[in-house]
Amino acid sequence: MISGMQSNRGSSSQPTNNGSGGHRFTLAALFFAGFCVFVTLFTSVTFLPLYIRELGGGPVSGGLQNTVFFFSGVLLRFYLGPMADRHGRKLPLLIGTVVSATAPLAFAASGSIPALLAARVYHAIALAAFLSAASSLVADCAPEGRRGVYLGAYRFVVTSTILIGPPIAELSIAAFGFTGWFLLSAAVHLLAIPGIALMVVPKLKQRLQGDLRGSFGRVLRSPTVGSVLTGIALLSVVYSAVLTYVPLSAEESGRAAGPYFVVFGSVGLFANLVAGGLSDRLGRRRVAWPAILALPAAMLLLAVPQHPRLPFYASAALGGLGFSAGLAVTIAWLVDLVSERLKATTLALQESTIDTFMAVGALLFGTMVEQFGMSGSFFYFGAAAAAVTLALAYRTARTEARRKAHAL
């Protein structure tokens, strides 16, 4: 059951571990597999629309395959997310790694758009099985009081794939074509399977019982969990809008969008490492909301007409800080708030929240652009997101104050 506002140092229900040394091979195998999974994820989102064009499709088909992928992941996660709490972390991690490694082979074999859409549904199994189980295992292996640091290191690996994966994919496609990239991706990715198959994971002291609907209901009973998930939804909505519309906005102002995302990703790498450890010391709430607030602030800076150099790159730095630090700390916070048997279930909800609101963000912002223009949309969207962030910060502070008062 929900444990309320547990200490940042975890609880007695956490799996016993011997610190980083006892799980060194497990974490190395997991981080390598996670790197491969996210490279395949991000490069497929970016480059499969171009592959669709080779198959004779247009922009609508290119967008449709990504929509099919993300929403299939959300639906499949209702079963595959809680699997890690029922049967342990290893089974869904192995399923996710195998599917992610073989999905590029399915892409290469698809000679038509319907076949590629079917391959994307297959690929979504990895999205549903691997992501929440991986975060859960990192939390299981973290020494007491260092959960934020370990989850921050894992998010560092994830963020690095955004910077490394697309350029490698672009070079490979230019040299060998799409089929060559798919085969190369699968060959490297297959190397991750033995590590996941051979790693030893901490045993669960408690296993999830009951139906899936009841499991998700138990997670959402905590008002703090609801607030943290809302914060993650907010991050996802704003990030989706920035990711989709900064290139168009920069083009209107005569700027290149590439340097913006280089700064965004580079600051995000650093923020992943720092934010987790800082929240271990100061508490999740004190770090999470200021970090999340940085992303709406980045959007407000993009509202400055013609994108002068200083506001443009300040926006990139604040955006990278807000998204990466905010996500690293909120994931650690969610893990703190629930018992061991609901950990992966909670993180499955977190991943589904990201996928759903990433899809919503671009659509919502695009609708606003038609009404208010690009600069006006950045301003109103950013201001609304900042207001919601402040309201959530106030709510969680009140909840924590009431809990402390009752404890006295």
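Computed from a prediction, not measured in an experiment: that's the story for all the values here.

## Observations concerning the overall build of the protein chain
Consideration 1: Scanning the protein chain for helices and strands turns up twelve helices and zero strands.
Consideration 2: Starting at the N terminus and walking to the C terminus, you meet the elements of the protein chain as α-α-α-α-α-α-α-α-α-α-α-α.
Consideration 3: When burial is assessed residue by residue, the protein chain has 56% of its 408 residues classed as buried.
Consideration 4: When the accessible surface of the protein chain is totalled, it reaches about 16400 Å², and 68% of it is carbon and sulfur.

## What about the environment of threonine 179?
Consideration 1: Note on placement: threonine 179 falls in helix α5 (residues 147-190).
Consideration 2: Overall, the relative accessible area of 42% leaves threonine 179 in the partly exposed class.
Consideration 3: Spatially, the C-alpha atoms of threonine 179 and phenylalanine 107 are 8.3 Å apart, while their sequence positions differ by 72 residues.

## A look at a nonpolar patch on the surface
Consideration 1: Taken together, Phe156, Phe270, Leu273, Val274, Leu278 and Leu282 make up a surface patch of nonpolar side chains, about 520 Å² in accessible area.
Consideration 2: A total of five residues in the nonpolar patch trace back to one element, the largest contributor, which is helix α9 (residues 258-282).
Consideration 3: Turning to its location among the elements, phenylalanine 156 is positioned in helix α5.

## Comments concerning the environment of valine 274
Consideration 1: Within the secondary structure layout, valine 274 lies in helix α9.
Consideration 2: For valine 274, a relative accessible area of 38% corresponds to the partly exposed category.
Consideration 3: Along the backbone, valine 274 and alanine 325 are 51 residues apart, and their C-alpha atoms lie at a distance of 7.9 Å.

## Here's the deal with helix α4 (residues 113-141)
Consideration 1: With 29 residues, α4 extends 42 Å from end C-alpha to end C-alpha; this agrees with the ideal 42 Å at 1.5 Å per step.
Consideration 2: A maximum bend of about 25 degrees is found in α4 at phenylalanine 130.
Consideration 3: Buried residues dominate α4, accounting for 23 of its 29 residues.

## Structural notes on the side chain of serine 72
Consideration 1: Within the secondary structure, serine 72 is located in helix α2 (residues 59-87).
Consideration 2: Using a relative accessible area of 13% as the deciding quantity, one classes serine 72 as buried.
Consideration 3: Not counting the four nearest positions on each side in its chain, serine 72 is found in contact with Val121 and Ala124.

## Remarks on the nonpolar core
Consideration 1: One finds Leu93 and Phe130 to be the most contacted residues of the largest nonpolar core, which totals 84 residues.
Consideration 2: Here this core takes 14 residues from helix α8 (residues 223-252), the largest share from any one element.
Consideration 3: In contact with phenylalanine 130, not counting residues within four places along its chain, are Leu30, Ala33, Gly34, Val37, Pro92, Leu93, Gly96, Thr97 and Tyr154.

## What about the packing of aromatic side chains?
Consideration 1: A full pass over the atoms with the stated rule returns 17 aromatic pairs.
Consideration 2: A centroid spacing of 5.3 Å and a plane angle of 45 degrees characterise the contact between tyrosine 51 and phenylalanine 178, whose relative ring orientation is tilted. Placement of tyrosine 51 in helix α1 (residues 24-54) and of phenylalanine 178 in helix α5 is noted, with a sequence separation of 127 residues between them. Like phenylalanine 178, tyrosine 51 is buried.
Consideration 3: Both rings, one in phenylalanine 379 and one in tyrosine 380, keep their centres 5.5 Å apart while their planes meet at 75 degrees; by these two values the pair is edge-to-face.
Consideration 4: Relative accessible area serves as the criterion here: at 43%, phenylalanine 379 is assigned to the partly exposed category.

## Side note on helix α11 (residues 309-337)
Consideration 1: Relative to the 42 Å expected for 29 residues at 1.5 Å per residue, α11 spans 42 Å between its end C-alpha atoms, a close match to the ideal helical length.
Consideration 2: Among the 29 residues that make up α11, 22 are buried, leaving the element largely enclosed by the rest of the structure.

## Description of the packing of α5 against α9
Consideration 1: Running from amino to carboxyl end, α5 crosses α9 at an angle of 170 degrees, the nearest separation of the two axes being 6 Å. Taken together, the axes of α5 and α9 are roughly antiparallel relative to one another. The segment α5 lies against α9, with Arg147, Gly148, Val149, Gly152, Ala153, Arg155, Phe156, Thr159, Ser160 and Leu163 engaging Phe261, Gly265, Ser266, Gly268, Leu269, Asn272, Leu273, Gly276, Gly277 and Asp280.

## Some words on the packing of α1 against helix α3 (residues 90-109)
Consideration 1: Where α1 meets α3, the axes come as close as 10 Å, and the angle between the chain directions of the two elements is 30 degrees. Comparing the axis directions of α1 and α3 gives the class roughly parallel. As for the relative orientation of α1 and α3, their crossing is left-handed in sense. In this structure, α1 uses Leu30, Ala33, Val37, Thr40, Ser44, Leu48 and Tyr51 to contact α3, whose residues at the interface are Leu93, Thr97, Ser100, Pro104, Phe107 and Ala108.
Consideration 2: Its residues assigned to classes, the contact of α1 with α3 shows nine nonpolar, four polar and no charged.

## Overview of the confidence of the model for the protein chain
Consideration 1: Of the residues in the protein chain, 87% have a pLDDT of 70 or more, and the chain-wide mean is 82.
Consideration 2: Note on residues 1-20: pLDDT is under 50 here. Beyond four places in sequence and across chains, it has 60 contacts.

## Structural notes on the pattern of salt bridges
Consideration 1: Counted by the stated rule, this structure contains four salt bridges.
Consideration 2: Among the ionic pairs, arginine 147 bridges to aspartate 336, the shortest N-O distance being 2.6 Å. Taken together, the residues arginine 147 in helix α5 and aspartate 336 in helix α11 connect sequence positions 189 residues apart. As far as burial versus exposure is concerned, arginine 147 and aspartate 336 are alike and both buried.

Calculation notes
- Residues numbered from 1 in each chain as written.
- Predicted model: local features only at pLDDT ≥ 70, side-chain atom pairs only at ≥ 80, totals over all residues.
- Heavy atoms only, no water.
- Helix = DSSP H or I, 4+ residues; strand = E, 2+ residues; numbered from the N terminus.
- Buried < 20%, exposed > 50% of the residue type's maximum accessible area, 1.4 Å probe, protein only.
- Areas by Shrake-Rupley, 256 points an atom, 1.4 Å probe, with all protein chains shown as cover.
- Patch = residues over 30% accessible without salt bridge, like charges linked within 9 Å, V, L, I, M, F, W, Y side chains within 5 Å.
- Salt bridge = Lys/Arg side-chain N within 4 Å of Asp/Glu carboxyl O.
- Expected span 1.5 Å × (residues − 1).
- Bend = angle between axes of the 7 residues up to and from the residue.
- Contact = heavy atoms within 4.5 Å.
- Core = buried A, V, L, I, M, F, W, Y, C linked by side-chain atoms within 4.5 Å.
- Phe/Tyr/Trp six-rings, centres within 6.5 Å; stacked < 30°, edge-to-face > 60°.
- Axes fitted to C-alpha atoms, helices over the stretch in contact; angles between N-to-C directions.
- Parallel < 35°, antiparallel > 145°, perpendicular 65-115°, else oblique.
- Left-handed = near helix turned anticlockwise from the far one by under 90°.
- Nonpolar A, V, L, I, M, F, W, Y, C, P; charged D, E, K, R; others polar.
- pLDDT = per-residue confidence, 0-100.

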